[in-house]
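# Architecture at a glance
So the chains spell out like this:
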Amino acid sequence: MTRKERWQTLLDLLVERGELEVEPAAEALGVSAATIRRDLDQLAEQQLLVRTRGGAVLHGVSYELPLRYRTSRRAAEKRRISEAVAALITPGEVIGLTGGTTTTEVARALAGRADLATGSPALTVVTNALNIAGELVIRPQFKIVLTGGVARPQSYELTGPLAQEVLGQLTVDTAIVGVDAFDPADGAATRHEDEAAMNRLLCDRARRVIIAADSTKLGVRAFARICATSSVDVLVTDTGLADAGTEPFRAAGVEVVRV
């Protein structure tokens, strides 16, 4: 297990349990207690946790793993989902991309499409995600429109009145939305109301809405609603969603693609 993988696992365990002790963590990861102590010290230096005498506790009242530590979760599923989403996009479209690990993979999949290697522009990409804009801006065939706003360090997303003002003046063909939860009855949602407001506005400004989400996010609820299930045109997910699980989404008019 690499250091990055250890850190990911430690942070996941910390979020799940609320606190960690060195000896149980070392046993769970199959490494020495000294290694765990060094890992916890380094994570504390990055203000991702608070060290205690015997281990660590969460940093602050609420907690969310920064994007860079969430990218390895269900990586294979996210790659398949992103490629399937990218295949639904037609050259010349104006697309909107929210922030998140899966939508970041969608951006990379779009950048890898040979038929989008040329054009003026091949795609226009509207996004409030700094990392997505940074990856795509070096590709001259893509026109990148980045909203203003206040940056959230956890997700690299721009939110707030400035971001909403810019986005409210634009129209997109397809919105590609990452979510924390998508339930047939309660709709699509995320943990933070400022992100939900941006994602909701993007959906309102789009002719077609695609939700890209792995199956662990389906059938669950989150704090801040983005949109109703009936507002979503396509859900792209992995095969972890059982046949029976697709029916409530399809009954609401959502096309379900499992890859």
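Here goes a summary of the coordinates provided.

Moving on, we get to the nonpolar core. With 28 residues, the main nonpolar core has Val-177, Val-179, Phe-182, Ile-211, Ile-226 and Leu-235 as its most contacted residues. Secondary structure elements with two or more residues in this core: helix H8 (161-167), strand E9 (172-178), helix H9 (193-204), strand E12 (206-212) and strand E13 (224-227). Of the residues forming this core, the biggest block, five residues, is contributed by H9. With residues near it in sequence (within four places) discarded, Val-177 still touches Thr-98, Thr-103, Asn-199, Cys-203, Val-209, Ile-210, Ile-211, Ala-212 and Ile-226. Among the nonpolar cores identified, the runner-up in size contains 25 residues, and Ile-81, Val-106, Leu-116 and Leu-123 belong to it.

Moving on to the pattern of salt bridges. If charged atoms from side chains of opposite charge come close, those side chains can pair. Taken as a whole and assessed by the stated rule, the structure comprises twelve salt bridges. Between Asp-39 and Arg-6 there is a salt bridge whose closest N-O contact spans 2.6 Å. Of the two residues, Asp-39 sits in helix H3 (residues 33-45) while Arg-6 sits in helix H1 (residues 3-17), which places them 33 residues apart along the sequence. Taken individually, Asp-39 and Arg-6 each receive the classification buried, so the pair is uniform in this respect. Across the pair Asp-180 and Arg-191 runs a salt bridge, and its minimum N-O distance is 3.3 Å. Of the two residues, Asp-180 sits in the loop between E9 and strand E10 (181-183) while Arg-191 sits in the loop between strand E11 (187-190) and H9, which places them eleven residues apart along the sequence. Because the salt bridges share partners, they merge into one network encompassing Glu-105, Arg-108 and Glu-135.

What the three strands build is an open sheet, ordered E10-E11-E13; its pairing is antiparallel. A single partner strand is all that each edge strand has here, and the edge strands are E10 and E13. Strand-to-strand twist across the sheet, computed as the mean angle between neighbouring axes with direction ignored, equals 35°. Docked against the sheet, H9 engages E11 and E13, running at close to 10° with respect to E13.

Our next topic: the packing of aromatic side chains. For the structure shown, the criterion picks out one aromatic pair. When the ring of Phe-182 is compared with that of Phe-249, the centres are 4.8 Å apart and the planes differ by 45°; the resulting orientation is tilted. On the criterion of sequence distance, the pair formed by Phe-182 in strand E10 and Phe-249 in helix H10 (residues 243-251) is long-range, its members being 67 residues apart. Note on Phe-182: relative accessible area 0%, which makes it buried. Take Phe-249: its relative accessible area is 2%, and that puts it in the buried class.

Okay, helix H5 (residues 75-87) next. Over its 13 residues, H5 runs 18 Å from end to end, which matches the ideal 18 Å to within 8%, given 1.5 Å per residue. Those residues of H5 lying buried are Glu-77, Lys-78, Ile-81, Ser-82, Ala-84, Val-85 and Ala-86.

With that settled, consider the pairing of strand E15 (residues 255-258). Pairing analysis gives four bridges linking strand E14 (residues 234-237) to E15, with the strands arranged parallel. Within the sheet, the bridge partner assigned to Leu-235 lies in E15 and is Val-256. As a crossover connection, the stretch from E14 through H10 into E15 is right-handed.

Our focus in this paragraph is the environment of Val-125. Following the sequence through the fold, Val-125 ends up in strand E5 (residues 123-127). On the basis of relative accessible area, Val-125 is assigned to the buried category, the value being 1%. Taking the C-alpha atoms as reference points, Val-125 and Glu-93, 32 residues apart in sequence, are found 8.5 Å from one another. Not counting chain neighbours up to four residues away, the residues in contact with Val-125 comprise Ile-95, Leu-97, Leu-136, Lys-143, Ile-144 and Val-145.

Attention now goes to the sheet that holds E5. Read from one edge to the other, the open sheet built from seven strands follows the order E6-E5-E4-E9-E12-E14-E15, with strand pairing classed as parallel. Only two strands of the sheet have a single neighbouring strand rather than two, namely strand E6 (142-146) and E15. Strand-to-strand twist of the sheet, defined as the mean angle between neighbouring strand axes without regard to direction, takes the value 20°. As paired elements, E12 and E14 share three bridges and run parallel to each other. Counterpart to Ala-212 in the pairing with E14 is Val-236. Contacts from H5 reach E9, E12 and E14 within the one sheet, and its direction differs from that of E14 by about 145°.

Cut-offs applied
Residues numbered from 1 in each chain as written. Predicted model: local features only at pLDDT ≥ 70, side-chain atom pairs only at ≥ 80, totals over all residues. Heavy atoms only, no water. Core = buried A, V, L, I, M, F, W, Y, C linked by side-chain atoms within 4.5 Å. Buried < 20%, exposed > 50% of the residue type's maximum accessible area, 1.4 Å probe, protein only. Helix = DSSP H or I, 4+ residues; strand = E, 2+ residues; numbered from the N terminus. Contact = heavy atoms within 4.5 Å. Salt bridge = Lys/Arg side-chain N within 4 Å of Asp/Glu carboxyl O. Pairing = 2+ DSSP bridges. Axes fitted to C-alpha atoms, helices over the stretch in contact; angles between N-to-C directions. Phe/Tyr/Trp six-rings, centres within 6.5 Å; stacked < 30°, edge-to-face > 60°. Expected span 1.5 Å × (residues − 1). Right-handed = clockwise from strand over helix to strand, strands pointing away.

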